Amino acid sequence: MSLFKARDWWSAALGEGEEFDQGCLCVGDVDNSGTGHDKVVVGSYMGMLRIFSPHANTKTSEGGPAEALLLEVQLQNAIVQVEVGKFVSCSDLLHLAVLHPRKCSIFSVSGTAGNVEHGDQYQLKLVYEHNLKRTVCNMTYGPFGGVTGHHSLCVQSMDGMLMFFEQDSYTFGRFLPGFLLPGPLVYNPRTDSFLTVSSARQLESYKYETLAVATEAETRQDPDLPPKTGGGKRLTPDWTFVLGETALDLCVPSYSHASSSIFVLGERNLYCLRDNSHIRFMKKLEFNPSCFLPYASVMDGTTNLLLGNHTNMLLVYQDVTLKWAAQLSFVPVAVRVANFPEIKGVVVSLSSDGHLLCSYMGTDPSFFSTPKVDAREADYEQVDAEMKMLQKFVREASRTHDILPKADAEEDLTVTATVSSSMDSPSQALIQDISGLSVPSVTIQVKVKARCVVQSSKLTVAIQPPLAVTQDQFALEPMGVGSSTVVAFSAFLNGDYPPADLTGDVTVSYSSPTELNPKGVPRVLQSRFRLPLALLCVPSSPAKTTKFKITVDTNQPPVDLGSIFPEFSAKSEDKDGNSLAFHFLSGATVTVLASKTSQRYRIQSDRFQDMWLVVKELVQRFDQHFSTLGVKDFKKSFSGPLPLQEYFLTVDHHFQLRVSARQYQDLLSERAVQFRAIQRRLLTRFKDKTPAPLQNLDTLLDATYSQVMALAEAAEQNRALLEEAFVGLRSATHLLVLLLSLWQGLTPDQTAILEATLLPLLQDTPQLGWEESCDAAVSHLLRSCLSRSPKDQATSLAQQGGSVLGMPHDTARLKKHITLMCDRIGKGGRLTLASEANVPVPVQVQNLAAPGGVEPIAEVAGDGDELELPQEATKFIKKKQPSKKVKKDKEKKEASGESSEASVKEEVGGAEEPAKEAKKEKKEPSKEKKESKKDSSKEPKEEAKKEPKKESSSSSSSSKEKKESSKEKREKDKDKEGKEASKESGDKKVSRKSSAKVKEKKKEPEAEEG
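Residues numbered from 1 in each chain as written. Predicted model: local features only at pLDDT ≥ 70, side-chain atom pairs only at ≥ 80, totals over all residues. Heavy atoms only, no water.

### What about helix α10 (residues 770-783)?
An α-helix turns once per 3.6 residues; consequently, residues spaced three or four apart project the same way. For α10, with 14 residues, the first-to-last C-alpha span of 20 Å sits near the 20 Å given by 1.5 Å per residue. Taken across its 14 residues, α10 has twelve buried, putting it largely inside the fold. Buried within α10 are the following residues: Trp770, Glu771, Glu772, Ser773, Cys774, Asp775, Ala776, Val778, Ser779, Leu781, Leu782 and Arg783. (Helix = DSSP H or I, 4+ residues; strand = E, 2+ residues; numbered from the N terminus. Expected span 1.5 Å × (residues − 1). Buried < 20%, exposed > 50% of the residue type's maximum accessible area, 1.4 Å probe, protein only.)

### With respect to the environment of Ser157
You can see Ser157 is positioned in strand β11 (residues 152-157). Separated by 20 residues in sequence, Ser157 and Cys137 have C-alpha atoms that sit 5.3 Å apart. The residues touching Ser157, leaving out its near neighbours within four places in the chain, are Arg134, Thr135, Val136, Cys137, Met163, Phe179 and Pro182. (Contact = heavy atoms within 4.5 Å.)

### Examining the confidence of the model for the protein
The share of residues in the protein with pLDDT of 70 or more is 74%, and the mean pLDDT across the chain is 77. Long-range and interchain partners of residues 401-406, a stretch whose pLDDT sits below 50, account for one contact in this model, where long-range means more than four residues apart. The model gives residues 978-1010 a pLDDT under 50, and that stretch makes 31 contacts with residues more than four places away or in other chains. (pLDDT = per-residue confidence, 0-100.)

### Things to note about the sheet that holds strand β16 (residues 202-207)
Taken together, four strands build an open sheet; the order of strands is β14-β15-β16-β17 and the sheet is antiparallel. With one partner strand each, in any of the chains shown, β14 (185-188) and β17 (239-242) form the two edges of the open sheet. Across the sheet, the axes of successive neighbouring strands diverge by a mean angle of 20 degrees, strand direction being ignored. With four bridges joining them, β16 and β17 adopt antiparallel strand pairing. (Pairing = 2+ DSSP bridges. Axes fitted to C-alpha atoms, helices over the stretch in contact; angles between N-to-C directions.)

### Points about the pairing of strand β40 (residues 548-554)
Counting buried residues along β40, six of its seven residues qualify, which places the element largely inside the surrounding structure. Inspection of the sheet shows β40 paired to strand β43 (residues 600-605) by six bridges, in the antiparallel sense. Across the sheet, the residue bridging to Lys549 is Gln604, located in β43. Note: β40 against strand β44 (residues 636-637), two bridges, orientation antiparallel. Bridge pairing links Thr554 to Lys636 in β44.

### Some words on the packing of aromatic side chains
In total, this model carries 28 aromatic pairs according to the counting rule given. A centroid spacing of 5.1 Å and a plane angle of 50 degrees characterise the contact between Tyr187 and Phe194, whose relative ring orientation is tilted. Where Phe622 meets Phe626, the ring centres are 6.3 Å apart and the plane angle is 55 degrees; that geometry is what we call tilted. Placement of the pair is Phe622 and Phe626 together in helix α6 (residues 611-629), with a separation of four residues, close to one helical turn. For the pair Phe622 and Phe626, a shared accessibility class is recorded, and that class is buried. One aromatic cluster is present, formed by Phe144, Phe164, Phe172, Tyr187, Phe194 and Tyr208 through successive ring pairs. (Phe/Tyr/Trp six-rings, centres within 6.5 Å; stacked < 30°, edge-to-face > 60°.)

### Topic: the packing of α10 against helix α12 (residues 812-826)
Helix-helix packing is characterised by the crossing angle of the two axes and by the distance between the axes. Two elements in contact, α10 and α12, have axes separated by 10 Å at closest approach and are oriented at 35 degrees. The element α10 and its partner α12 pack so that their crossing is left-handed. Contacts between α10 and α12 involve Trp770, Glu771, Cys774, Asp775, Val778, Ser779, Leu781 and Leu782 on the former and, on the latter, Arg813, Leu814, His817, Ile818, Leu820, Met821 and Arg824. For the contact of α10 with α12, a count of residues per class yields nine nonpolar, two polar and four charged. (Left-handed = near helix turned anticlockwise from the far one by under 90°. Nonpolar A, V, L, I, M, F, W, Y, C, P; charged D, E, K, R; others polar.)

### Some remarks on α6
Look at α6: 27 Å from first C-alpha to last across 19 residues, which is about the 27 Å you get at 1.5 Å a residue. For α6, the complete set of buried residues consists of Met611, Trp612, Leu613, Val614, Val615, Lys616, Glu617, Leu618, Val619, Arg621, Phe622 and Phe626. Gly630 occupies a position one or two residues after α6 and carries a positive phi of about 85 degrees.

### Some remarks on the nonpolar core
Counting 99 residues, the largest nonpolar core has Leu531, Tyr647, Ile818 and Met821 as its most contacted members. Per-element accounting of this core gives the leading share, ten residues, to helix α8 (residues 697-744). The residues touching Met821, leaving out its near neighbours within four places in the chain, are Leu754, Leu758, Val778, Leu781, Leu782 and Leu786. If you look at the next biggest cluster of nonpolar residues, it comprises 19 residues, including Phe20, Leu25, Phe52 and Leu356. (Core = buried A, V, L, I, M, F, W, Y, C linked by side-chain atoms within 4.5 Å.)

### Things to note about the sheet that holds strand β7 (residues 95-100)
An order of β6-β7-β8-β9 is seen for the four strands of this open sheet, with the pairing classed as antiparallel. On the outer flanks of this sheet lie β6 (81-85) and β9 (121-131), each paired with one strand and no other. The average angle at which neighbouring strand axes cross in this sheet is 25 degrees, direction not considered. Where β6 lies against β7, five bridges are found, and the strand directions are antiparallel.

Dropping the structure here:
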């Protein structure tokens, strides 16, 4: 039993769901019994008024707190504050004042002695009431104006008006100057003044005489303006004291030896002032207080103080010295000291949820005696067995590194989603036909089975756009043990382009009640379903000539495509099973061809991104087919080359739409500013008393309005196209990731890292787009796990962060980084999230690494040959512009100190010298080991090796730079014409042009060597 704990003398729980606050508790002899014993009066915000007379014997009786309840009355309005005082002019008895939001009522409480065993009876009678025109905040009472024998009331409204009542009559009302929010209000009978804390966080004192002669408050006026009537004076405080914080409560003790104290409880400090605003002492609190009460002290010149805080503590201070601390079971919002028949000086405390406690501080006698310990011998075998069991528990606990506790083996709910094997008839699609083809829909049934009692469960369906469902949210009824609920909805295509994924998620959020939390602990359960490919396409005749082709190799004999896609083979024209065509509802056709002699399958289409769903479905069905046959060594691969050029066309299309969206936004902003400026000028003309000509402002206004509407419509169309382009970009990215994993045989973890790198966003936002996010992720891989050497990786980790992500000017840098990443993966780079997998990073380097933006990759540092791409990769890169080379040459001069001509030659010559590059890479480990020892000796040798190259390049550099300026415009025009022609006609100019450029690159080094 703890010494510092409040001893429970009597307690009661007041109702369920009721709320209480600071003014809802008061004590006094409200029934005028004459014994001097107090009664406890409690009012709640629900309008319930209760009067208690606690007795110690009620704690153990059968009735409990009910025997101490003298009166319980349900009033019509909420109870804001209760006070006991002499509020009736013709009577010296105590009455009860109850403050409602729009009413102040005075009641008399009387008791009648009972003649039978039921005991005394108490009644509550209304003496008078004041109906108020303003919503009230609090009230105070006292002998205003020095009147003895009865008390007057002062009520403060929420808008800062003080309303004075003398018994049953309204006296006057005054508005407080500079009022914003109401604060605590108290009456000081020694100086006949009122104290309050204003929104300026200062204590203000107003004398009753000053309030009485001030201007009558009919309506709230500006305090800075002079009063309208000449009969009153402007209301000003007698004195102010700056607190610097909001006050929770005020109190003016009325006992003699502390006759000049004013106590203010702030949020962090406790103040004690004299009546003339001079501060006596101040106590800085180390906790958040909730309530306080000064009371009489046994020592002259000091004041005792009860202080409650939000850590369930009741502290006793003597001035600023802490004398006692008692632990409560709740946070008190009001505290009083009362005298009862059995005990005096009981602390009465009330919590916000209705826990009423009468307690005292001290100790109780303890009758517990320690039992004698039997002197018996220990059973060592039993102790040893217990020790082994505890050690086993410790080992199992140390193995677990999970932060969250492991879930049960069986979930409270079981969610099963089943997709129908046949299409709906009739279709539930919102768009009935696209390009003359009917849009089908398929039904998904979700079965939710409960293993325990489940409350307030909700089911949400998420699906990839432009797919849609008939209903995406369901509110499930409470389920018992073993009960189940089935929910059905239909999915369909709601756009003229295919989605990037056919999977959907079903999320069920529910509450599972426990012993400690009857309302339930929130839980979430997810389930995934996959929609059929027949929802998007129909069988068609194979296309012979297409723009894009992909070949997938296997190690098993060719399979009949009709057995792989039975739902499409029935309507297909090819009965041999060697070819199958899928015609998407959006208009594109994807053809799958199976080789008769080899183990290859070709997928071809006129749209690169539309092949993704067919390739994914083909690979998944191959795995399922051969696993059913029992083939364990089935392998699939992609021999390359990677279709990076086709992928980059999708990237450029998406980026161009983002640029257009920003341009539309800027134009719309300009036109809106112009529209508002014209409106202001027209309004000025119309308000002018002398009519003036409009000078065609109305025509300009109509034209600007038409431009704003046209720009808004164009921006909306561009937004729809951008959404479509992003879905196509996602499809193309998924296809590239799949081909990369098949090309290099990546593990599922490595494939997941690659997919997270190339698809960091699920949707575009105006603040952050796919291009900058993907570039940052790819750059991180190139600096960490795909870095060229351990030295470069450690150096990149120590570099400071770059600028914040933003929309780039073009996609050239992103394309180069993606190509470089694919090249390094093709050379055997290992994808991993741990930077220590390739190189141990020192502690000093780790401390230097700081998070931030994206840093540019040092593509040409000391060894420029390592960045040279092989011949296969250069086929899919456009010929670089001379202007970009000149810019990069300047950066390379600053970074490495080498000449621009040598670096240009090394970049161009990289496609021709893959053998030299491979030799250099083999020699790199030995070179790096020697660098630390022979840096000074190696530098002149390297310079001597590079001198022939520099001399040959310097002789032709001047002529090349002159030619570059003339060729720059021609090559730009050719590139633009090639892009426009490829978009309009859709022929093979892009592939031809890229191959022609590669041939030009091959010829240039041969001519130089010759």
